[in-house]
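# Understanding the architecture of this molecule
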Amino acid sequence: APADPVQATQAELAWDRAKKMLVESDWSMLADVPMTAGNKALWIEYRRALRELRLQAGFPSSIQWPSKPE
């Protein structure tokens, strides 16, 4: 059965937002960015959570957005 078009749109909008957040955090993965290993790990976890957004049980109607590291 075809997906509910409203749900599909909601999912697409959420995924577009997640992709934008990933692009905005690309700088954190550059080798020459001065940050501690602990901070790097936080950024890696944040980006992993964004990439796995669609795996959440409530996606797309109930999304737990990850918090961007400081």
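Here's a quick rundown of the structure. (Residues numbered from 1 in each chain as written. Predicted model: local features only at pLDDT ≥ 70, side-chain atom pairs only at ≥ 80, totals over all residues. Heavy atoms only, no water.)

One broad trend across soluble globular proteins is that nonpolar side chains are buried collectively. Among the nonpolar cores identified, the biggest contains 12 residues, and these are A11, A14, W15, A18, M21, L22, W43, Y46, L50, L53, F59 and I63. Going through the elements one at a time, α1 (5–24) and α2 (37–51) are the ones with two or more residues in this core. With six residues, α1 is the single largest residue contributor to this core. In this structure W15 touches L50, R51 and R54, once residues within four positions along its chain are discounted. (Core = buried A, V, L, I, M, F, W, Y, C linked by side-chain atoms within 4.5 Å. Buried < 20%, exposed > 50% of the residue type's maximum accessible area, 1.4 Å probe, protein only. Helix = DSSP H or I, 4+ residues; strand = E, 2+ residues; numbered from the N terminus. Contact = heavy atoms within 4.5 Å.)

For the coordinates displayed, the defined rule picks out two aromatic pairs. For the pair W27 and W43, a centre-to-centre distance of 5.0 Å together with 70 degrees between the ring planes defines the contact as edge-to-face. Of the two residues, W27 is situated in the loop between α1 and α2 and W43 in helix α2; the sequence distance between them amounts to 16 residues. You can call W43 buried: its relative accessible area is 4%. Centroid distance W43 to Y46: 5.6 Å. Interplanar angle 90 degrees. Geometry classified as edge-to-face. (Phe/Tyr/Trp six-rings, centres within 6.5 Å; stacked < 30°, edge-to-face > 60°.)

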